[in-house]
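Inside the fold
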Amino acid sequence: MQNRSISIKADKIEKRFGNALLFRNISFNLAKGDSFYITGPNGSGKSTLLQILAGIQKPTSGSVIYKADNSEVERDCYKNFYGFTGPQVNPYDMLTAAENLKFTSPETVDEHLMNGYLEKFELYKHRSKPVKYYSSGMKQRLRLIHALLNDPEILMLDEPCSNLDTSGRDILYRILGEIKINKIIIIATNESGDINLCSKGINLEQ
Amino acid sequence: MNSRILKNIKKDFLIEFRNRSAVNISFAFAGITTLSVSLVAGGTPFPPVVHAIIFWIILFFSAMSGLAHIFIREEEEKNSLFLSLYYTPEEIYISKLIFNVVLFLSISVIVTFLYLFFLQVLPSYKFLFFLTVVSGSIAIASVTTILGAMVSKAGSGSSLFTVISFPVLLPVLWTAISLTSVSIDGSGVQEYRNIIFLLAFSGVIVSVSYLSFKFIWTEF
Amino acid sequence: MKTYNRILFLLFVFIIMPAVFMMALLWAPPAEFLGEASRILYFHVPVACLSVISFIAAGYHSIMILISENNIEEREYKSYNAAYTGIIFTILTVVTGSIWAKISWGSYWNWDPRETSIVILMLIYISYFSLYSALKDNVNRTRISSVYLLIAMITMPFFVFIIPRIYPSLHPDTIINAEKKVHLDAAMRLTLFASVVVFTIFYGYVFNLMNRISSLELKLQEKQNDN
């Protein structure tokens, strides 16, 4: 999963819903080591742009191109390169954290790695409780573990600090600080702490 | 891919086992309907054709009450994006299909036993009857899986599901009713080729659904 | 549409079509058993053909939506319009068919295989529109409806195979196939042929008109979006 040089190119992306224009003419290039923020007022389309970059939603016009080692990647394969999290990404309530993580890992799940992340995010002692008994902060921590677990080349985080207390925030920033040299990180956020973590970004305010 | 499909199936069974209400309601519906029919009939002797028709109508409506659940749950609990981030549409389709086939075969077993017992019907061609129930149930489960996926995206619930399933399930119902009637009655030729018809129908529907599932499930 | 074609269409629809109606109602001789009432043949047969043709058109455009990324918006409204005309023609077929059935055989409904097939087609259309309207806010609306139409199309051959075998066994009434038994003399054949042709052109005209309206609506929306 590592050691491939990934680049993402966004070219004049535009998104409309029916007649309403959300944003247009969004272009940028990202390579390994870039940490990129997407910010803007509520409703400006931060989550939508992130989902377009992830290949989950289609742009009205414009294109997104992923390149791995200089060869273009097909859209169906994008999700092999990134870890994505956001408020719409919900692990199964009826499963425990450990079961959810095993479900989303490849066959050879590394238990040590999984338990390591659970400990880092202070969820280890809750790992056998069904997620429906978690607080919203704990659910958010679990979402972050899912995104980080398979060590993807790209991290796409939609409002990663929502519902997190200060300790959760510190854990996240510490981990992101360690890994951002080797990855592309894209954060859709309004938090200044997240924006300060990043090397560049855009503001969707029109 | 097989082990991933297996993982997905295990996950579905685990979730449905832990929160048993939906599956329980499906079984309860099937049981209550069969019992209601037998109580209301009050021992009136029906000709075999009428038995066949009532039997398959009960199975049809049991399918309508329960087989879209596996997709509707993903939408209602907002797990569908989470699922599609880690599994391809084809893997998701096969695992939901297998779940529905297993669920509906179980429902058919219950309905069959209750129906034969309470209405005191004994099929003359037992093997043909058994094959009819199995192949008919597989056909119904195949059709309702893809249609259930569509209905889950529409958010309208089970009435829409019944409306769109009925035309597509008509060939299955007709064939199954005719086969069941022959097997209860004991007259007429045992037309095993109708069983092949049902299995062929399932095969075609599953193939087309496999190829077109991604158009329903993802935006691309 | 080019002016020449447009004039030709208008000629057919507004002049030749009424002429054919006159032909059907006045000129063609009455049939042997049914008398004047047989004239419904000239309306029922074309409408029945067209409901099947619409289904094929809707199915074709639906499949093309799923297969290729080109011209998606155009195919989207074409498949919807084809289905729309299809359901109208199907309802007309059922109505004219039952009138004819009442006249020929004394009752409005007979479980004839052909009648049953048309009713099933009508059910498929109704389901298609129910699904389409239930998917109101969904981005994937046309694609999901297209998959449904595809699945419905696939069950068609199975229907054709099975219907003739079911109704003899479930219903002991004899299969009435009067369309085949009626011997048409030359004048009637000519009228029938003319009627089918003119109805088909009418269908083409209406379909084309609906598509032009949809295309203009699309262009209007794009202009609004650019501002």
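Residues numbered from 1 in each chain as written. Chains lettered and ligands numbered in written order. Predicted model: local features only at pLDDT ≥ 70, side-chain atom pairs only at ≥ 80, totals over all residues.

**What about the overall build of chain C?**
Definition in use: Numbering of helices and strands runs from the N terminus; a helix is a DSSP stretch of H or I covering at least four residues, while a strand is a stretch of E covering at least two. In this scheme every C-beta is placed from the backbone, and a residue whose C-beta has 20 or more other C-beta atoms within 10 Å is buried, one with 12 or fewer is exposed, and one in between is partly exposed. Distance between backbone-placed C-beta atoms decides contact: two residues are in contact if it is within 7 Å.
Helix and strand counts for chain C stand at 7 helices and 0 strands. Sequence-ordered secondary structure for chain C, helices as α and strands as β, is α-α-α-α-α-α-α. Taken over 227 residues, chain C has a buried fraction of 31%. Put simply, of all contacts in chain C between residues at least 6 apart along the chain, 77% involve residues at least 24 apart.

**Considerations on the interface of chain A and chain B**
Here is the rule we go by: Residues were grouped as follows: Ala, Val, Leu, Ile, Met, Phe, Trp, Tyr, Cys and Pro as nonpolar; Asp, Glu, Lys and Arg as charged; and all remaining residues, including Gly, as polar.
In this assembly, 17 residues from chain A lie in contact with 16 residues from chain B. Residue classes in the side of chain A that touches chain B are distributed as 8 nonpolar, 4 polar and 5 charged.

**A short note on the sheet that holds strand 8 (residues 184-188) of chain A**
Residue and element names in this part refer to chain A. Put simply, the rule reads: Each pair of strands is called paired provided DSSP finds at least two bridges between the two strands. To get an axis, a line is fitted to the C-alpha atoms, and for a helix only the part in contact is used. The angle between two axes follows their N-to-C directions and goes from 0 to 180 degrees.
Spatially, 6-7-8-3-9 is the arrangement adopted by the 5 strands of the open sheet, whose pairing is parallel. Sheet topology places strand 6 (82-85) and strand 9 (200-203) at the edges, where each strand pairs with a single neighbour. In this sheet, neighbouring strand axes are inclined to one another by 10 degrees on average, regardless of whether the strands run parallel or antiparallel. Both strand 6 and strand 7 (residues 154-158) contribute to a ladder of 4 bridges, which runs parallel. From the neighbouring strand, Tyr82 faces strand 7, where its bridge partner is Ile154. Running over the sheet, helix 1 (residues 46-53) touches strand 3 (35-39), strand 7 and strand 8 and is turned about 150 degrees from strand 8.

**Re the packing of helix 6 (residues 89-118) of chain B against helix 7 (residues 126-154) of chain B**
Residues and elements named next belong to chain B. To keep it simple, the criterion reads: In what follows, roughly perpendicular refers to angles from 65 to 115 degrees, roughly parallel to angles under 35, roughly antiparallel to angles over 145, and oblique to any angle outside these ranges. Note: crossing handedness is left-handed where the near helix turns anticlockwise from the far helix by less than a right angle, and right-handed where it turns clockwise.
In the contact formed by helix 6 and helix 7, the axes pass within 9 Å of each other and the chain directions differ by 140 degrees. The orientation of helix 6 relative to helix 7 falls into the category oblique. Handedness of the crossing formed by helix 6 with helix 7: right-handed. Seen from helix 6, the contacting residues are Lys96, Leu97, Asn100, Val101, Phe104, Leu105, Ser108 and Thr112; seen from helix 7, they are Val133, Ser137, Ile138, Ile140, Ala141, Ser142, Thr144 and Thr145.

**So, the interface of chain B and chain C**
By a widely used convention, the size of an interface equals the accessible area lost when the partners come together. With 25 residues of chain B in contact, the opposing surface of chain C contributes 27 residues. Looking at the side of chain B that touches chain C, the elements that each hand over two or more residues are helix 7, helix 8 (158-185) and helix 9 (192-217) of chain B. Tallying contributions element by element places helix 8 of chain B first for the side of chain B that touches chain C, with 11 residues. Taken together, the residues of the side of chain B that touches chain C break down into 19 nonpolar, 4 polar and 2 charged.

**Regarding the pairing of strand 8 of chain A**
Residues and elements named next belong to chain A. Definition in use: Viewed with both strands pointing away, a crossover whose connecting path from the first strand over the helix to the second turns clockwise is right-handed.
The element strand 8 is largely enclosed, with a buried count of 5 among its 5 residues. Along strand 8, one buried face is formed by Ile184, Ile186 and Ala188 and the opposite face, lined by Ile185 and Ile187, is buried too. Note: strand 3 against strand 8, 4 bridges, orientation parallel. Residue pairing for strand 8: Ile38 is matched across the bridge by Ala188. Where strand 7 and strand 8 come together, 5 bridges link them in parallel fashion. Across the sheet, the residue bridging to Ile154 is Ile184, located in strand 8. A crossover connection joins strand 7 to the parallel strand 8 through helix 5 (residues 166-179); in handedness this β-α-β unit is right-handed.

**Regarding the pairing of strand 2 (residues 20-31) of chain A**
Residue and element names in this part refer to chain A. Sheet analysis places strand 1 (residues 6-17) next to strand 2, joined by 8 bridges and oriented antiparallel. Within strand 2, the position partnered with Arg16 by the bridge is Leu21. Where strand 1 folds back on strand 2, the antiparallel hairpin that results is connected by 2 residues, among which Gly18 adopts a positive phi of roughly 65 degrees.

**A closer look at the environment of A:Asn100**
Residues and elements named next belong to chain A. By secondary structure assignment, the location of Asn100 is in helix 2 (residues 97-104). According to the C-beta neighbour criterion, Asn100 is buried, with 24 such atoms within 10 Å. A C-alpha to C-alpha distance of 8.5 Å links Asn100 and His146, two positions 46 residues apart in sequence. The contact partners of Asn100, leaving out residues within four places of it in the chain, are Pro91, Tyr92, Leu95, Val131 and Leu142.

**Points about the nonpolar core**
Keep this limit in mind: In plain words, the nonpolar core is the set of buried Ala, Val, Leu, Ile, Met, Phe, Trp, Tyr and Cys residues that C-beta atoms within 7 Å link up.
Core analysis: the biggest nonpolar cluster contains 130 residues, and A:Leu53, A:Met156, A:Ile186, B:Ile140, B:Met150, C:Leu131 and C:Tyr148 have the highest contact counts within it. Residues C:Ala24, C:Val45, C:Val47 and C:Leu50 belong to the second largest nonpolar core, which totals 16 residues.

**A look at the sheet that holds strand 2 of chain A**
Residue and element names in this part refer to chain A. Taken in spatial order, the 4 strands make up an open sheet running 2-1-4-5, and their pairing is antiparallel. Of all the strands in the sheet, the pair left with one neighbour each is strand 2 and strand 5 (71-72). Sheet contacts for helix 1: strand 1, strand 2 and strand 4 (61-68); angle to strand 1, the most-contacted strand, approximately 130 degrees.

**Examining the packing of helix 1 (residues 2-18) of chain B against helix 6 of chain B**
Residue and element names in this part refer to chain B. Closest axis-to-axis distance for the helix 1/helix 6 pair is 9 Å, and the angle between their directions is 50 degrees. Taken together, the axes of helix 1 and helix 6 are oblique relative to one another. Helix 6 is crossed by helix 1, and the crossing has right-handed handedness. Contact residues: Arg4, Ile5, Asn8, Ile9 and Asp12 in helix 1; Glu91, Ile92, Ile94, Ser95, Ile98 and Phe99 in helix 6.

**So, unusual backbone geometry**
The residue A:Asp151 is not glycine, and still its phi comes out positive at about 50 degrees. With respect to the helices and strands, the residue A:Asp151 is situated in the loop between helix 4 (136-149) and strand 7. Unlike most non-glycine residues, B:Gln120 shows phi in positive territory, near 55 degrees. Assignment of secondary structure puts B:Gln120 in the loop between helix 6 and helix 7. Using a count of 10 C-beta atoms within 10 Å as the deciding quantity, one classes B:Gln120 as exposed.

**Quick word on the environment of A:Thr85**
In this fold, A:Thr85 is placed in strand 6. By the C-beta count within 10 Å, which is 22 here, A:Thr85 ends up buried.

**Overview of the confidence of the model for chain C**
Residues and elements named next belong to chain C. How we decide: Confidence of the predictor in every single residue is expressed as pLDDT, which spans 0 to 100.
Residues with a pLDDT of 70 or more make up 89% of chain C, whose mean pLDDT is 83. Mean pLDDT across the secondary structure elements of chain C bottoms out at helix 6 (residues 178-181), with 48, and peaks at helix 2 (residues 41-67), with 91. Our summary of model confidence lists the complex with pTM equal to 0.91 and ipTM equal to 0.93.

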